[in-house]
Amino acid sequence: MNPTLPRLLYILAALAWYLLLWHTPVTIFMAACLSCLTLPQYRHLCRKGRIWRQRLDRSRPVTRRQRLLLGLSRQAPLCGYIVMILTCLIAPIATLALLVTPQAAAGFSRLKELQANNFQLPPEWVSTLQDWRMSLSEYPRVERLVDDFLQKVDAFLGDAISTLLTRGVDVLGGTMTVLWTSFLFVTLTILFTVYAGHIRKISARIFRIPQAMLRRFTGTIHRALRAIMLGIVLVALAQGVLCGIGFSAAGVKQPAFWGMLATLVAPIPMVGTALIWLPLCLSLWFTGKTMAAVGLALWGSLAVAGVDNVLRPLFLRQGINAPFFVLIISILCGLASFGPVGLIAGPVLLAFAMQAVEEANRIYQHG
């Protein structure tokens, strides 16, 4: 038989699936990532199911109850995996709804108010800044630098808040789209996991890659995704919770809402949660709450930023063997190229590239 024909048929099948799902690349990518991350748990459930079936098969005579249990043992791994996936997705959403929803309306109203005012500074802020600028008038260069800095900060905060507000309204207004995307995401995750062995085998045949090499690539991506989950997602959640606690202690209105925004911006390198807690510190300062402003600034710069500076490099470098500076560059480039999904795509592509170089070096050494 001509070996080219099966390979061509595999390529045609992959092309058919691509044409079917090409309009949802982000959903496909995220489903593949979650599948790769949770595949060991599914295989563990499958091993448990096989052990259960073997015990039932050794029982003689086979009763009706044992036949029923034998049928359940075949479906238990898949059902358990689906329950695990749904729990991982629903639990954070339910928690977010309980904590943030009561404060979301007031928080979005405040953001809309800022947007209506073109994100201009409050009058009391402007008055204080004018006093500072008058004191700097004797130093023209310093005054010019301060003006440039304030203009850049104002423009950056305006763009950031506009983006958050627009995305929030889009999510609230596109309920059916969100439901369809969520359903597709869960379905693709389950399909990728259940047929992971077949997908790996077909990929190896299409690209003519040895199975052992493909397993090493899969292991590398799995370790990278685990590091991203710990170093980016969980650290961002921890920072958001710490920010919410600090906002509540400082007397900021809607602390859970601002804590949620802090969680969303926490993965951004260099600035992160400071985009949220620093303006709130200034707001407290200009409204006369000096001690609360100082306390929140210390909490944000020591506790919240400390979690980011200590845990994020630790977790990321455990899964991706690269200098932390290179990891930061991969995240920034991923954000610039792919948007929010670049937080995951950037480090994953970096890990994939490093593994490809390692495989090439191994081939040259044994060639």
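Residues numbered from 1 in each chain as written. Predicted model: local features only at pLDDT ≥ 70, side-chain atom pairs only at ≥ 80, totals over all residues. Heavy atoms only, no water.

A.B. asks: Whenever I open this one, the nonpolar core confuses me. Can you help?
C.D. replies: Formed by 23 residues in total, the largest nonpolar core has its most connected members in F247, V252, W258, I276, L280 and L296. Secondary-structure elements contributing two or more residues to this core are helix 8 (211-250), helix 9 (255-265), helix 10 (274-286) and helix 11 (290-319). Setting aside residues up to four positions removed in sequence, L296 forms contacts with G246, F247, A250, V252, W277, L280, C281 and L284. Grouped together as the second largest cluster of nonpolar side chains are 17 residues, C33, I228, L316 and V348 included. (Core = buried A, V, L, I, M, F, W, Y, C linked by side-chain atoms within 4.5 Å. Buried < 20%, exposed > 50% of the residue type's maximum accessible area, 1.4 Å probe, protein only. Helix = DSSP H or I, 4+ residues; strand = E, 2+ residues; numbered from the N terminus. Contact = heavy atoms within 4.5 Å.)

A.B. asks: Can you help me understand the packing of helix 9 against helix 10 in this one?
C.D. replies: Think of two packed helices as two axes; the pair is described by the angle between the axes and how far apart they sit. Following both chains from N to C, one finds helix 9 and helix 10 inclined at 140 degrees, their axes separated by 8 Å at the closest point. The angle between helix 9 and helix 10 places the two elements in the oblique class. Each of W258, L261, A262 and V265 in helix 9 lies in contact with helix 10, whose residues at this interface are L275, I276 and L280. Of the residues contributing to the contact of helix 9 with helix 10, the split by class is seven nonpolar, no polar and no charged. (Axes fitted to C-alpha atoms, helices over the stretch in contact; angles between N-to-C directions. Parallel < 35°, antiparallel > 145°, perpendicular 65-115°, else oblique. Nonpolar A, V, L, I, M, F, W, Y, C, P; charged D, E, K, R; others polar.)

A.B. asks: Any chance you could explain a nonpolar patch on the surface here in plain terms?
C.D. replies: A cluster of nonpolar side chains, contributed by L5, L8, L9, L12, L15, Y18, L19 and W22, occupies part of the molecular surface with about 860 Å² of accessible area. Along the chain, Y18 falls in helix 1 (residues 4-21). (Patch = residues over 30% accessible without salt bridge, like charges linked within 9 Å, V, L, I, M, F, W, Y side chains within 5 Å. Areas by Shrake-Rupley, 256 points an atom, 1.4 Å probe, with all protein chains shown as cover. Salt bridge = Lys/Arg side-chain N within 4 Å of Asp/Glu carboxyl O.)

A.B. asks: Would you mind showing me how to read the UniProt feature "transmembrane region" (unreviewed entry) in the protein chain here?
C.D. replies: Sequence positions flagged by UniProt for "transmembrane region" (unreviewed entry) are, in local numbering, residues 20-40, 78-100, 178-198, 224-250, 256-278, 290-311 and 323-352. Structurally, residues 224-250 comprises 100% helix and 0% strand, and the distance from its first C-alpha atom to its last is 37 Å. Summarising residues 290-311: 100% helix, 0% strand, and an end-to-end C-alpha distance of 31 Å. (UniProt positions renumbered as here; feature names shortened; annotations may be inferred.)

A.B. asks: Before we go on, may I ask you to explain helix 7 (residues 196-207) in this structure?
C.D. replies: What sets the pattern is the α-helix's 3.6 residues per turn: residues three or four places apart point alike. Between its first and last C-alpha, helix 7 extends 16 Å over 12 residues, near the 16 Å set by a 1.5 Å rise per residue. Residues of helix 7 that are buried: A196, A204 and I206. Down the axis of helix 7, the buried side of the element spans an arc of 165 degrees, and every buried residue falls inside it. Where helix 7 terminates, the next one or two residues include R208, which has phi positive at roughly 55 degrees. (Expected span 1.5 Å × (residues − 1). Arc of directions from axis to C-beta.)

A.B. asks: I would appreciate a short explanation of the packing of helix 8 against helix 13 (residues 342-366) in the present structure.
C.D. replies: Remark: helix 8 packs on helix 13, axes separated minimally by 9 Å, with the N-to-C direction vectors making an angle of 150 degrees. As summarised for this structure, helix 8 and helix 13 are arranged roughly antiparallel, according to the angle between their axes. The hand of the helix 8/helix 13 crossing is right-handed. Counting all contacts with helix 8, which are made through M213, R216, F217, T220, I221, A224, L225, I228 and I232, the residues of helix 13 involved are L343, I344, P347, V348, A351, F352, Q355, A356, E359, R362 and I363. (Left-handed = near helix turned anticlockwise from the far one by under 90°.)

A.B. asks: What exactly am I supposed to notice about unusual backbone geometry here?
C.D. replies: For residues besides glycine, phi is generally negative; the peptide bonds are generally trans as well. A positive phi angle, close to 55 degrees, is found at R208, a residue other than glycine. Relative accessible area serves as the criterion here: at 59%, R208 is assigned to the exposed category. One non-glycine residue with positive phi stands out, namely Q254, at about 55 degrees. Within the element layout of this structure, Q254 appears in the loop between helix 8 and helix 9. For Q254, a relative accessible area of 21% puts it in the partly exposed group.

A.B. asks: Is there a simple way to think about the side chain of T38 in this case?
C.D. replies: By secondary structure assignment, the location of T38 is in helix 2 (residues 25-57). Given a relative accessible area of 9%, T38 falls into the buried group. Side chain to side chain, T38 and Y81 meet in a polar contact 2.6 Å long. Apart from residues lying up to four places away in sequence, T38 is in contact with Y81, M84, I85 and T193. (Polar contact = N/O pair within 3.5 Å; in protein donor to acceptor, adjacent residues only side chain to side chain.)

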